Amino acid sequence: MSGGSKTAIFAALGANAGITVAKFAGALITGSSSMMAEAIHSVADTGNQALLLVGQKRSEHEPDAKHPFGYGRNRYFYAFVVALVLFTLGSLTAIHDGINKIRDPEHLEKPLVAIVILVVALGLESFSLRTGMRESRTLKGRGSWWQFIRDSRNPELPVVLLEDSGALIGLTFAFAGVGLTMLTGNPVWDGIGTLAIGVLLGGIAVILIVEMKSLLIGEGATPAEDSAIRAHLVDGHRIDQVMRLRTEYLAPDQLMVAAKIRMTPFLDVTEVADAINDAEARVRMAVPNVDVMYLEPEIYRPKPLV
């Protein structure tokens, strides 16, 4: 895993661990369901960062007879588990608590404590999100953040970005729920804030489930990488066409390439071998993520004389 991914995960892990303790303390003191929902959200986030690190560690196992292409997809699997945890532990729990609080509202105790904790949490989550965005900029390029989340073959950074963005919006909902409860004296607002947090987490979880499922099944090269591979396979004098090209990411930094290439006429075996070796070198230089390459040459065969 890249150093940027690790930095973003550790920043999110540290921030969420501290926030979790503060939110639980605030929820117990105030009785706020919004605060409790946010505390559970932070528990899920903290566990999720740990799961991402576990996936990274297990992806480093060496290839063996059972898994000849290695264990890189562990990163995709554990990111998929993270999405499921966010949906079940975060979203469903908050929705359940929110509905109960709306049906049977309870007055808050010391709501100012909740406000202070939420402000501190906003600061820590902002730091975590800023770190994740900084570490993602190189991979993002000139595209939008949404495009990066949809197209990235790196599972950790989109997870961290979506979790932190959701945490900031969720904290805003909790702040609004507690604040409106203080202003109106009606604790139903706290339940509404909790319900809003649950719906938000559910939406984020669904996005992550869809994206991580796609990566787990196997995604090919990006359009830019596909174009670069095709362009660098052809050299114009020994290889003149890419007849078929198939690509698949085995891990975020392990792209497999399989291609059938048409050779120019009258090359001997040595020239064909040299052309294939040179093509592999060009492609790996242009697309550093390329790990495994299989090139099948289409040899020129002169038509028989009639």
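Above this text sits the structure in question.
Definitions and limits used
Residues numbered from 1 in each chain as written. Predicted model: local features only at pLDDT ≥ 70, side-chain atom pairs only at ≥ 80, totals over all residues. Heavy atoms only, no water. 1 Å grid on protein atoms, 1.4 Å probe; cavity = no way out; pocket = protein on both sides within 12 Å on 5 of 7 lines; lining within 4 Å. Points joined across faces, edges and corners; volume = space filled by probe spheres on them. Helix = DSSP H or I, 4+ residues; strand = E, 2+ residues; numbered from the N terminus. Nonpolar A, V, L, I, M, F, W, Y, C, P; charged D, E, K, R; others polar. Pairing = 2+ DSSP bridges. Axes fitted to C-alpha atoms, helices over the stretch in contact; angles between N-to-C directions. Patch = residues over 30% accessible without salt bridge, like charges linked within 9 Å, V, L, I, M, F, W, Y side chains within 5 Å. Areas by Shrake-Rupley, 256 points an atom, 1.4 Å probe, with all protein chains shown as cover. Salt bridge = Lys/Arg side-chain N within 4 Å of Asp/Glu carboxyl O. Phe/Tyr/Trp six-rings, centres within 6.5 Å; stacked < 30°, edge-to-face > 60°. Buried < 20%, exposed > 50% of the residue type's maximum accessible area, 1.4 Å probe, protein only. Core = buried A, V, L, I, M, F, W, Y, C linked by side-chain atoms within 4.5 Å. Contact = heavy atoms within 4.5 Å.

Enquirer: I'd love a proper account of empty space enclosed by the protein, names of residues and values included.
Expert: Empty space among the atoms becomes visible once a probe the size of a water molecule is rolled across them. Per the stated rule, a full pass over the model turns up one cavity of 30 Å³ or more. The space that makes up the largest cavity amounts to roughly 50 Å³. Forming the boundary of the largest cavity are Ile 149, Arg 150, Ser 152, Asn 154, Pro 158, Leu 162, Leu 208, Glu 211, Met 212, Leu 215 and Glu 219. Taken together, the elements giving at least two residues each to the lining of the largest cavity come down to helix H5 (145–151), helix H6 (156–184) and helix H7 (188–217). Here the lining of the largest cavity takes four residues from H7, the largest share from any one element. By residue class, the composition of the lining of the largest cavity is six nonpolar, two polar and three charged.

Enquirer: Got a sec to walk through the environment of Val 81? Specific residues and values, please.
Expert: One can find Val 81 in helix H3 (residues 74–103). C-alpha of Val 81 to C-alpha of Thr 181: the two residues are 100 residues apart in sequence and 35 Å apart in space.

Enquirer: Hey, could you go over the sheet that holds strand E1 (residues 239–251) for me, with residue numbers and the actual values?
Expert: Sheet architecture is open: three strands sit in the order E1-E2-E3, paired in mixed fashion. On the outer flanks of this sheet lie E1 and strand E3 (290–298), each paired with one strand and no other. Looking at each pair of strands side by side, their axes are set apart by 15° on average, direction ignored. Where E1 meets strand E2 (residues 254–263), ten bridges bridge the pair, whose relative direction is antiparallel. Bridging from a neighbouring strand, Ala 251 pairs with Gln 254 of E2.

Enquirer: Could you give an account of a nonpolar patch on the surface, with specific residues and numbers?
Expert: Where nonpolar side chains cluster on the molecular surface, the patch consists of Ile 102, Leu 180, Leu 183, Trp 189 and Ile 192 and spans about 440 Å² of accessible area. Contributing elements (two or more residues each) for the nonpolar patch: H6 and H7. Inspection of the secondary structure puts Leu 180 in helix H6.

Enquirer: Please provide a residue-by-residue account of the packing of aromatic side chains, values included.
Expert: Tallied over the entire structure, the rule returns two aromatic pairs. Geometrically, the ring pair formed by Phe 77 and Tyr 78 is edge-to-face, given 5.3 Å between the ring centres and 85° between the ring planes. In this structure Phe 77 comes out as partly exposed when scored by relative accessible area, which is 38%. The class of Tyr 78 is buried, set by a relative accessible area of 11%. Taken together, a centroid distance of 6.1 Å and an interplanar angle of 90° make the contact between Trp 145 and Phe 148 edge-to-face. Here the residue Trp 145 and the residue Phe 148 both occupy positions in helix H5, the gap between them amounting to three residues, near one helical turn. Judged by its relative accessible area of 25%, Trp 145 falls in the partly exposed class. The class of Phe 148 is buried, set by a relative accessible area of 5%.

Enquirer: Please give an account of unusual backbone geometry that cites residues and values.
Expert: Of note in the backbone geometry, Phe 266 takes a positive phi value of approximately 65° without being a glycine. Counting through the fold element by element, Phe 266 comes out in the loop between E2 and helix H9 (269–286).

Enquirer: Describe in detail the pattern of salt bridges, supporting the description with residues and values.
Expert: Evaluated as defined, the whole model comprises eleven salt bridges. Where Arg 230 meets Asp 226, a salt bridge forms, and the shortest distance between an N and an O atom there is 2.8 Å. A residue pair is termed a helical-turn pair when its members lie 3 or 4 positions apart in one helix, as Arg 230 and Asp 226 do in helix H8 (residues 223–233) at four residues. With a relative accessible area of 34%, Arg 230 lands in the partly exposed category. A salt bridge links Lys 260 to Glu 296; its shortest N-O distance comes to 3.9 Å.

Enquirer: Tell me about the nonpolar core, and name the residues and values.
Expert: By size, the foremost hydrophobic cluster in this structure holds 65 residues, and its most contacted members are Leu 208, Ile 229, Leu 233, Leu 255, Val 290 and Leu 295. At nine residues, H6 tops the list of elements feeding residues into this core. Here Leu 208 is in contact with Ala 83, Leu 86, Pro 158, Val 159 and Leu 162, once residues within four sequence places are set aside.

Purely spatial values, then, with no claim about function.
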